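One letter stands for each residue in the lines below.
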Amino acid sequence: TPETGIRGMATKSKVWGGRVPVRFSLASREVTAMEAPLPIYILLPRVSYLPLVTSRVRDHFINSAPAVRGDMWFDYEGRPLKWNLPIGVLFDLLHGSKRLPVDITVHFTGYPEVEILPCKSLSAVSEHFFHCLKEVSRQPGF
């Protein structure tokens, strides 16, 4: 029915247009300035990936953080966040129905290579996304 189609479009709009409010804070042990920098608040699309926001977050904290020697990474309540999962999936798995915004800690040192795949470039994010689309399209009934 037309009414069902309208509801379906509204649901699609909410899914694809959904955003997660996030507060990024620099890890306290990595602050090199006299005072800790203020956090940065960003509304992140649920269907996006963390590496797509790293340059903005890096630029915010760069003057208060140690010299960048390796990859920047994030954690939530002490758990490293996997860059290859969409932000909405990370939110649903880890944060659930807790208060918003989601508090994410930013790290410039100590990349946990055992727990997180290295993300060497933004093209790796694109390649991963398209790989996932190919995998899903191979599923029966897709």
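Residues numbered from 1 in each chain as written. Predicted model: local features only at pLDDT ≥ 70, side-chain atom pairs only at ≥ 80, totals over all residues. Heavy atoms only, no water.

(A) Here's a closer look at the overall build of the chain. For the chain, the helix and strand inventory stands at four helices and five strands. Overall, the chain shows an N-to-C arrangement of helices and strands of α-β-β-α-β-β-α-β-α. Taken over 142 residues, the chain has a buried fraction of 33%. Within the chain, residue pairs in contact and separated by at least 24 positions form 70% of the contacts whose partners lie at least 6 positions apart. (Helix = DSSP H or I, 4+ residues; strand = E, 2+ residues; numbered from the N terminus. Buried < 20%, exposed > 50% of the residue type's maximum accessible area, 1.4 Å probe, protein only. Contact = heavy atoms within 4.5 Å.)

(B) Just the nonpolar core, in detail. If you look at the biggest cluster of nonpolar residues, it comprises 24 residues, and the most contacted ones within it are Phe-24, Leu-50, Val-57 and Phe-74. Setting aside residues up to four positions removed in sequence, Val-57 forms contacts with Phe-24, Ile-42, Met-72, Phe-74 and Val-106. (Core = buried A, V, L, I, M, F, W, Y, C linked by side-chain atoms within 4.5 Å.)

(C) Examining helix α2 (residues 54–61) more closely. Of all the positions in α2, only Thr-54, Val-57 and Phe-61 are classed as buried. Looking straight down α2, one finds its buried side chains confined to an arc of 70 degrees; they lie on one side. Considering only its buried residues, α2 is in contact with β1 (19–26), β2 (40–45), β3 (73–76) and β5 (102–107). (Arc of directions from axis to C-beta.)

(D) Representation of helix α3 (residues 87–95). Taken together, the buried positions of α3 are occupied by Ile-87, Gly-88, Leu-90, Phe-91, Leu-94 and His-95. With its buried residues spanning 160 degrees around the axis, α3 presents them on a single face. The elements touched by buried residues of α3 are β1, β2, β3, β4 (79–80) and β5. Residue Gly-96 follows α3 closely and has a positive phi angle near 60 degrees.

(E) Summary view of the pattern of salt bridges. Applying the stated criterion across every chain yields a total of three salt bridges. Between Glu-30 and Arg-29 there is a salt bridge, and its shortest N-O distance comes to 4.0 Å. Its relative accessible area of 3% is what places Glu-30 among the buried residues. Note on Arg-29: relative accessible area 63%, which makes it exposed. A salt bridge links Arg-46 to Asp-92, with the shortest nitrogen-to-oxygen separation between them at 2.6 Å. Here Asp-92 lies in helix α3 and Arg-46 lies in the loop between β2 and α2, a separation of 46 residues in the sequence. The exposure class of Arg-46 is partly exposed, given its relative accessible area of 23%. (Salt bridge = Lys/Arg side-chain N within 4 Å of Asp/Glu carboxyl O.)

(F) Main features of the pairing of β5. As paired strands, β1 and β5 are joined by five bridges and run parallel to one another. The residue of β5 that forms the bridge with Ser-25 is Thr-105. Here three bridges tie β3 to β5, and the two strands are oriented antiparallel to one another. Counterpart to Asp-75 in the pairing with β5 is Thr-105. (Pairing = 2+ DSSP bridges.)

(G) Expanded view of the packing of aromatic side chains. Counting across every chain of the model gives one aromatic pair. Each ring, one from Phe-24 and one from Phe-74, has its centre 5.5 Å from the other, and the planes form 55 degrees; the classification is tilted. Highlighted residues: Phe-24 in strand β1 and Phe-74 in strand β3, separated in sequence by 50 residues. Residue Phe-24 is classed as buried on the basis of its relative accessible area, which comes to 0%. For Phe-74, a relative accessible area of 3% corresponds to the buried category. (Phe/Tyr/Trp six-rings, centres within 6.5 Å; stacked < 30°, edge-to-face > 60°.)

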